[in-house]
Amino acid sequence: MIIVMEPDAGDAEIAAVEARIRAAGLDVHISRGTERTLIGAIGDERKLDPEMFDPLPGVERSMHILKPYKLVAREWHRASTIVNVDGAAIGGNAVQVIAGPCSVETQPQMNAAADGVAAAGARLMRGGAFKPRTSPYAFQGKGVEGLTMLRNAAARHGLPIVTELMDVRMLDAFLEQRVDVIQIGTRNMQNFDLLKEVGRVDVPVILKRGMSATISEWLMAAEYIAAGGNHKIILCERGIRTFETAYRNVLDVTAVAVLKRETHLPVIVDPSHAGGKAWMVPALSCAGVAAGADALLIEVHPCPPEAWCDADQALTPAEFGALMDKLDALSCAMGRTLERRRSEATIEAI
Ligand code: PEP
Ligand code: MN
């Protein structure tokens, strides 16, 4: 960290800054220029915060030199992390697709969804059993029973399951149901107690971007999970809130490119919650893959008009199949491959 002193700062003020740095266990380097003095803190500057210096007399401003996140930064870990979910590698050369309905509704609905997404080649299945709804009067999800329905449906095709955890008290139920990937939704990106708890388990986590979170805040949230010991973190860009009202959110593809540079963690894109309309999903999916996303998280419902949640943005299984074909070609053009689950007929033939 560097502390820039005001032009008229005196020795006593410089000494006070020095004392505060040393009290935190760091060394000090003072550089006296003709105009002003710069004080460098030498050591692990993550122990320091501008708030420790900015209020002191004679201090103009202080700033970090290193990134505030360490475990998730590519600066400290050059190789890309690959998160392996039951054989599906997220973060490698293959592009993965996670698909399924917004919410778990009934067992027949989930079975039909699983059949549809598996037939189109998705390698993982999603479905929310605990739903973060804007209105307390809206459908809140099937709860623990929904986890079982998701597990039963996905097991028909051997698909690993991805589902959202909103409350630490439900973590044991997730572990009992052997949820393959825990999703932390946009509304909980900075629920630090929840992040600490999922940081303690050995289960991959999809950390969605808070709807108004900066890249730095998002990476600091990931750092919370990593600091607990769980390094199986997948970042999911799901659109951010802007002034635009013509669509639900703005898919920030720039974030994908920036994250690929800033962090070694896999980055995935959710085109469904970004656009909020089914017809936008193919274009946004392609944009995500073109920007370098390692996977897509796509909402697919056996009968979208009847969906209990996010009906407008769900693809039908047929639309999803057509999109998978397009993504196959696009991934090849990007020098990657779309990992597609082999159909039952192919598996039986082997
Ligand atoms: C979801 O994936 O169903 C969901 C609620 O997403 P988000 O947290 O991105 O709104
Ligand atoms: Mn949804």
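Residues numbered from 1 in each chain as written. Chains lettered and ligands numbered in written order. Predicted model: local features only at pLDDT ≥ 70, side-chain atom pairs only at ≥ 80, totals over all residues. Heavy atoms only, no water.

**Observations regarding the overall build of the protein**
Then step 1. Each helix and strand in the protein was counted, giving 11 helices and 15 strands.
Then step 2. In terms of its C-alpha atoms, the protein occupies a principal-axis envelope of roughly 80 × 45 × 40 Å.
Then step 3. Looking at the 350 residues of the protein, the share that counts as buried comes to 52%.
Then step 4. In the protein, once contacts between residues fewer than 6 apart in sequence are set aside, the share between residues at least 24 apart is 66%.
Then step 5. About 15300 Å² of surface is accessible on the protein, with carbon and sulfur atoms providing 54% of the total.
Then step 6. Taking the average location of the 37 positive side-chain charges in the protein and that of its 44 negative ones, the two points are 3 Å from each other. (Helix = DSSP H or I, 4+ residues; strand = E, 2+ residues; numbered from the N terminus. Buried < 20%, exposed > 50% of the residue type's maximum accessible area, 1.4 Å probe, protein only. Contact = heavy atoms within 4.5 Å. Areas by Shrake-Rupley, 256 points an atom, 1.4 Å probe, with all protein chains shown as cover. Lys, Arg positive; Asp, Glu negative; His and termini not counted. Charge placed at Lys NZ, Arg CZ, Asp CG, Glu CD.)

**A closer look at the site of ligand 1**
Then step 1. Close contacts around ligand 1 come from 13 residues, with Arg-126, Gln-183, Thr-186, Lys-208 and Arg-238 the closest.
Then step 2. The contact in question runs from an oxygen atom of ligand 1 to an N or O atom on the side chain of Gln-183, over 2.9 Å.
Then step 3. Interatomic distance of 2.8 Å between a side-chain N/O atom of Lys-208 and an oxygen atom of ligand 1.
Then step 4. Starting from 300 Å² of accessible surface for ligand 1 in isolation, the protein chains cover 97%.
Then step 5. Residues of the shell around ligand 1, tallied by class, amount to two nonpolar, four polar and seven charged. (Near = heavy atom within 4 Å. Polar contact = N/O pair within 3.5 Å; in protein donor to acceptor, adjacent residues only side chain to side chain. Nonpolar A, V, L, I, M, F, W, Y, C, P; charged D, E, K, R; others polar.)

**Considerations on the domain arrangement of the protein**
Then step 1. Domain boundaries assigned for the protein yield domain 1 (2–63) and domain 2 (74–349).
Then step 2. Relative to domain 2, the C-alpha centre of domain 1 lies at a distance of 44 Å. (Domains from an automatic or database assignment.)

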